[in-house]
Amino acid sequence: MGQLTQTFNAMLDGLRQRDFIRDTFGRYVSPEVARAILESPGGLDFGGEKRDVTVLLSDLRGYSRFAEIGEPSRVVAVLNDYLARMADIISAHGGTVNEFIGDGIFAVFGAPVSHPDHAERAAGAALAMQRALREINAAHQRRELPRFEMGIGINTGEAVLGNIGSEQRAKYAVVGHAVNVAGRVEGCTVGGQIFISAATFERIRDVAEVAVPIPVEVKGLAGTLLLYELRGLGGRFAGRLPEVESRAELQVDVSLPLRAWVIDGKVVSANSVSGVVLRLGTRQLDARMDEPLPPMTNIRLRLNYPGLGYDSGDLYAKALGDDERTGTRLTRIRLTSVDPVDQEILEGFFEGSGCSC
C-alpha cells in the first residue's frame, strides 16, 4: 500500500510538472505550439513541412511615440493589455500567435492546428481586432492615455513551418513567400484598415465585403500586388469594421504650405517635395503637390502655420492616391503619427469654422 501511494504521488507530481512546463512554455510560444512540441515524439526535431496557411500581420500606430515619452511601467502595462486582448481574439478564431514584434503581431491560421477555413478565420479575427481596439481607445480616453490605430495585412499561400535555430536556442517558425507578401500587404495599410491579398480574397469572396481593389507596386515583388480593403464578413465569423468616426471624415478649407520627404524603408529622402494643403481633417489632408507622390508612399511632412508664425513638428503619413473630382489633382494624405501639440493645433482649425464636427 505504501509503494502504491508513493507511485501515485510521483505520478501526480509528474503530471503537475508536465502541466506547469506546458503552461509556462505556452506563454512564450503559444499553447498550440507548446502542445505540438511537448506531446509529439518528434516535436523538438529540426526540419519543416510545407503547408497552405493564412498569415496575419498587424502593426500599432502611435505607440512608438508614447513609448518614447511615457513612464516605463505604464508603457509596458498599456502594451501588455493591448497584446493580451489581441492574442485572445486570434486564439478564439483558431489562430496562433507566432511572434510579438514590438507592438506588432505575427499570427498564422492553419498551423500548427489545421483548419480548412483558415482564410475566413483570419479575416474574422482581423475585424474583431479592430473592434476591440476601438474599445481599448475608449478606455484610454477615460484614463487620459493616447489613442492608437492599427493596420492589418492578410495573405494566404504556401509557407514552410518547423523548428529552426540551434541546440541551445530554437523556435517554431513560419517562413516563406506567403509571409513576405503579408508583410508588404500590412505595410500598405493606414490605421483602422484591413488589407487582404487577392489570394485571400479568392478564398472568402462569397462572404467578404470589400472595397474596389487597389493595384500597388511594392519592393521585392515582381508585378502588381492587388489589395482589397476588407469592410465586413458574413458566415460563421460575421462582423464589420467599426463605423468610421465622423470627425475624421469631415474637413475644412485651408491654405497651409507643406514640405514632404519620402520614406524608403527606414531611410528618409534628403530631397523634399513642396505643396499646399487645401482641405484639412484631423487625420487626413488633401494637398496640391508640386510633384506626384505614388500611392501608398510613406512620407514625413511639416506644415507651415502662417497665422502662428512657425512650422509643425515632424508628422508621419501615407499618400493614398490622387483625387481629381474637383477638376484639380489633389493628393490624399492620411496622417499616421501626430504629436499631441500638433494634434491640438489641427483640431483648432475646426473651431469657429462652422463645422459641426
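What counts, and at which threshold
- Residues numbered from 1 in each chain as written.
- Predicted model: local features only at pLDDT ≥ 70, side-chain atom pairs only at ≥ 80, totals over all residues.
- Heavy atoms only, no water.
- 1 Å grid on protein atoms, 1.4 Å probe; cavity = no way out; pocket = protein on both sides within 12 Å on 5 of 7 lines; lining within 4 Å.
- Points joined across faces, edges and corners; volume = space filled by probe spheres on them.
- Helix = DSSP H or I, 4+ residues; strand = E, 2+ residues; numbered from the N terminus.
- Nonpolar A, V, L, I, M, F, W, Y, C, P; charged D, E, K, R; others polar.
- Salt bridge = Lys/Arg side-chain N within 4 Å of Asp/Glu carboxyl O.
- Buried < 20%, exposed > 50% of the residue type's maximum accessible area, 1.4 Å probe, protein only.
- Axes fitted to C-alpha atoms, helices over the stretch in contact; angles between N-to-C directions.
- Parallel < 35°, antiparallel > 145°, perpendicular 65-115°, else oblique.
- Left-handed = near helix turned anticlockwise from the far one by under 90°.
- Contact = heavy atoms within 4.5 Å.
- Arc of directions from axis to C-beta.

Draft legend 1. Summary view of the layout of surface pockets. Volume-wise, the second largest pocket comes out at about 1,700 Å³. Lining the second largest pocket are 44 residues, and of these Gly187, Gly265, Lys266, Asn298 and Lys318 lie nearest its centre. At five residues, the largest contribution of residues to the lining of the second largest pocket is made by strand β1 (residues 47-61). When the residues that make up the lining of the second largest pocket are grouped by side-chain class, the tally is 19 nonpolar, twelve polar and 13 charged.

Draft legend 2. Quick look at unusual backbone geometry. Residue Ala111 is joined to Pro112 through a cis peptide bond whose omega torsion reads -5°. For Pro112, the location among the structural elements is in the loop between β3 (104-109) and α5 (118-142). You will see that Glu144, though not glycine, has its phi angle at about 60°, which is positive. The phi dihedral of Met296 falls on the positive side, at around 70°, and the residue is not glycine. With respect to the secondary-structure elements, Met296 resides in the loop between β13 (284-289) and β14 (297-305).

Draft legend 3. Region of the structure containing the pattern of salt bridges. Applying the stated criterion across every chain yields a total of 17 salt bridges. Ionic pairing is found between Asp52 and Arg203, a salt bridge with its closest N-O pair at 2.9 Å. Taken together, the residues Asp52 in strand β1 and Arg203 in helix α7 (residues 198-204) connect sequence positions 151 residues apart. Assessed through its relative accessible area of 32%, Asp52 is described here as partly exposed. Residues Arg85 and Glu135 are paired through a salt bridge, measuring 2.8 Å at the closest nitrogen-oxygen approach.

Draft legend 4. Inspection of the environment of Gly265 at higher detail. Residue placement: Gly265 occurs in the loop between β11 (252-264) and β12 (267-280). With relative accessibility at 59%, the residue Gly265 sits in the exposed group. Sequence separation of Gly265 and Lys219 is 46 residues, and the distance between their C-alpha atoms is 9.5 Å.

Draft legend 5. Main features of the packing of helix α4 (residues 72-92) against α5. Orientation of α4 relative to α5, taken along the N-to-C sense of each, is 150°, at an axis distance of 9 Å. When the axis of α4 is compared with that of α5, the two are roughly antiparallel. Between α4 and α5 lies a crossing of right-handed hand. Every residue of α5 that contacts α4 at Val78, Tyr82, Arg85, Met86, Ile89 and Ile90 is listed here: Ala125, Ala128, Met129, Ala132, Leu133, Glu135, Ile136 and His140.

Draft legend 6. How the structure looks around helix α6 (residues 177-187). Where α6 is concerned, the buried positions are Ala178, Val179, Val181, Ala182, Val185 and Glu186. Along the axis of α6, the buried residues cluster in a sector spanning 160°; they form a single face.

Read these as spatial facts, not as claims about activity.
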